[in-house]
Structures are given as C-alpha cells and as structure tokens.
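# Working through the structure, step by step
Chain residues, written in single-letter form:
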2 protein chains.
Amino acid sequence: MARDEFELESFLPYRLNRAAEFVALRFAAQYRARYQLTRPEWRTLAALGSSGRSMTATEIGAHSTMHKTKVSRAVFSLEQRRWLKREEDGRDRRFEHLALTPAGEQAYKELTELASRYQAELLSMLGTEDMKALSTGLRGVERVMTKAAVRG
Amino acid sequence: MARDEFELESFLPYRLNRAAEFVALRFAAQYRARYQLTRPEWRTLAALGSSGRSMTATEIGAHSTMHKTKVSRAVFSLEQRRWLKREEDGRDRRFEHLALTPAGEQAYKELTELASRYQAELLSMLGTEDMKALSTGLRGVERVMTKAAVRG
DNA sequence: GTATATTGGTTGCAATCGTAACTATTGATT
DNA sequence: AATCAATAGTTACGATTGCAACCAATATAC
C-alpha cells in the first residue's frame, strides 16, 4: 500500500470539476441572460427536447442526474411558462408524462442553436486533438458510470 | 451558419458535468463520512496542503475556483477545528496568511491517502488508455481556462 | 496631505438546494 | 379484500449558496 506524493493538480475529481464548472458557467451565462433560464430548467428542457418524446420526471432525473426535487421544481416553472404540459397516465395515475408544447419546442430549437455554436467555439479553442481525447476519456467515465447507481 | 442536429449526449458541458459529478460525489461520500468535511473545506485543506506553504484566502479561491464567500466560510470552520491558523501580514494588514497546523497537516496526509487510493481505483476502472485520453483532454481545457477569468 | 479608488476579507439576506417526511396510487402478501 | 410495501411526485424545513453591501487597509490622484 505504498503511495507516492499526492498532487492535487493531477487529482481527477479536482481537474474534472474545474473543467466542468468553467465550461458550464460560460454557457449558463448565455441562456440565463437571454432566456432567464436556470440550470435545472435548461437541463430539463434539453432532456425532453433531445429525447423527442414525452418523459416522466423520474426519467428526466435519471437521464440528467438531477435530484427529483430539482426536477420537480424545474418542471413546475417550465409549466408556468407554457413550455411543457403534463398528461397523466391512464393506466397508472402516479406517472405524469411531460412533453414540450410548441412554444417549448421553439425555445428548445433556439437554445440548441446556441448550444451548437458554443460547442463549435469550444472545439475551436481546444483543437481537434484535445477534443477527441477528452471525448474518449469521457466515454470511459460514462462507461464506468453505468455500472454504478448515481444521483445528483 | 449551418448547423446539424443537436445531440445532448455529445454536448460537452453536459458530459463534463455528469462525469465530474459522478467522480466527485463518490469521493465526497468518503471524506464526509470519515471526517465530517464539506466540499469547500476539503478543497481548502487540499489547496493549502498541496501548496506546502501559507496562502491567502484569495489565492485559495483562485486556485480552486471557489467563490470568496465559500472560502471565507471554509477557512472559518477549519480554523474552529484547529486545522489551520491565520497570521496577519506585517506590511499589509489586509492579508491573512493561512497555514495548516500540525493537526491540519496530519488530516491532510490522511485525506491524501484516501485520495490516492481513490485515484488508483478510478484508474483501474477507466483503464490506462482512457485515463490518458481524459488527462490530455483536461489539459487542453486547463490551457483554455488560463486565457479567461473564472470564478466559482 | 486629503480625497478617491482598489483590494482582502466578512456578513446580511434572499434564493437555491437536498433530506426527510408526506400524499397518492399501484403492487405484493396473506 | 385488507394490509403492507413500493413507487411517482410534491413540499416543509434546515442548510448551503452567492450577490451585494459592507468594513478595513493600502494605493493612487490631485
């Protein structure tokens, strides 16, 4: 159980967290300014929009690793904006099937344009090589993640 | 300004965030359980311990991208535990030089052992290839980060 | 030298968050 | 079918957060 000197700069949680925060904050600033969207709201919208179908709150939470109270509140405020509507399941009335309204679809479309531009900007800042490496590494983490339960 | 279909699963902020949360949470569970440490506290301890010298609160914040109020509160509670002490700067009394006490050093040592074991575990789960790729990609992001001001 | 700006750090307060407890509905057990 | 367990989602509440306003000390401008 020998261990070499610890180096914070090479500690993966530390590095990942810094990078994630940096990348996320720059994008958050954009949708916050233009749409007054919070992070959980954007994430919920994105989960619904990208799936292209209706989802339950639990599904959204699992997909985007958000705590169910976060999802619940985001759903509520998106509903207030008329960007999504709830529909109850006929067979099992515990479920709420959430789907984007036309206005929600439109907002999603605009936001994904913003997102795509941001992604392109990131690519140009990182360069193809590093982006490829990052993607490979992240795929590895994603693979590992599926073998363990998470929540956020 | 053509754009192809947006894919959330390949959107970098989304992927990075999920991965970071997953990796951080598993480690946080450990130091929370064994040392009742919060994340800002651990980060402050780590910044101080790994630098091997005394630092000001502002330095800690810049280093670990934490908001200054977060740092301020973490410093306070670490001080309560007698894990760090403040020393005022003789020339410029706005500065507080923060340094670990022997108890703090000891805690840091124990926690870095935990951290090293965790890092090794991550490596074994990811495999050398993916870990290398991830590290390369993160280095790219870190390079980009230095060209822009951040805060967290 | 006095006024003003800047910087390091703390604190009040409103907003956000997560745990735990709750309601409502369905499934399982007997 | 009556009780108990499990699941979807909401909510009350305490804890954490970050913005803005603040204090204190130093640097700059005049």
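Higher on the page you've got the structure.
Anyway, here's the lowdown on the structure attached to this text.

Parameters at a glance
- Residues numbered from 1 in each chain as written.
- Chains lettered and ligands numbered in written order.
- Predicted model: local features only at pLDDT ≥ 70, side-chain atom pairs only at ≥ 80, totals over all residues.
- Heavy atoms only, no water.
- Least-squares fit on C-alpha atoms with pLDDT ≥ 70 in both.
- Contact = heavy atoms within 4.5 Å.
- Near = heavy atom within 4 Å.
- Polar contact = N/O pair within 3.5 Å; in protein donor to acceptor, adjacent residues only side chain to side chain.
- Helix = DSSP H or I, 4+ residues; strand = E, 2+ residues; numbered from the N terminus.
- Nonpolar A, V, L, I, M, F, W, Y, C, P; charged D, E, K, R; others polar.
- Salt bridge = Lys/Arg side-chain N within 4 Å of Asp/Glu carboxyl O.
- Buried < 20%, exposed > 50% of the residue type's maximum accessible area, 1.4 Å probe, protein only.

## Some points on the relation of the copies chain B and chain A
Note on the copies: chain B fits chain A at an RMSD of 0.1 Å, the axial shift is 0.0 Å, and the rotation between them is 180°. Overall, the copies show the geometry of a two-fold rotation axis. Comparing interface residues between copies, 100% of those in chain B also lie at the interface in chain A; the contact surface is shared.

## Here we look at the protein's contact with DNA strand C
As a structural note, the neighbourhood of DNA strand C is formed by 22 residues, with H67 and R73 of chain A together with T58, S72 and R86 of chain B the closest of them. Contact distances for DNA strand C include 3.4 Å between a base oxygen and a side-chain N or O atom of R94 of chain A. Between DNA strand C and A57 of chain B, the relevant distance is 3.3 Å, taken from a phosphate oxygen to a main-chain nitrogen or oxygen of the residue. If you list the elements that add at least two residues to the surface near DNA strand C, you get α4 (68–80) of chain A together with α3 (57–64) and α4 (68–80) of chain B. The element that contributes the greatest number of residues to the surface near DNA strand C is α4 of chain B, accounting for four residues. When its residues are assigned to classes, the surface near DNA strand C shows three nonpolar, seven polar and twelve charged.

## Quick look at the pattern of salt bridges
By the definition in use, this model includes 17 salt bridges over all chains. The closest approach of N and O atoms between E142 of chain A and R15 of chain B, which form a salt bridge, is 2.8 Å. Of this pair, E142 of chain A sits in helix α6 (residues 128–145) while R15 of chain B sits in helix α1 (residues 12–35), placing the two residues on different chains. Judged by its relative accessible area of 6%, R15 of chain B falls in the buried class. The shortest N-O distance in the salt bridge between R94 of chain B and D92 of chain B comes to 2.8 Å. Connected via shared salt-bridge partners are E79, R86 and E96 of chain A.

Worth remembering: the numbers are spatial, not functional.
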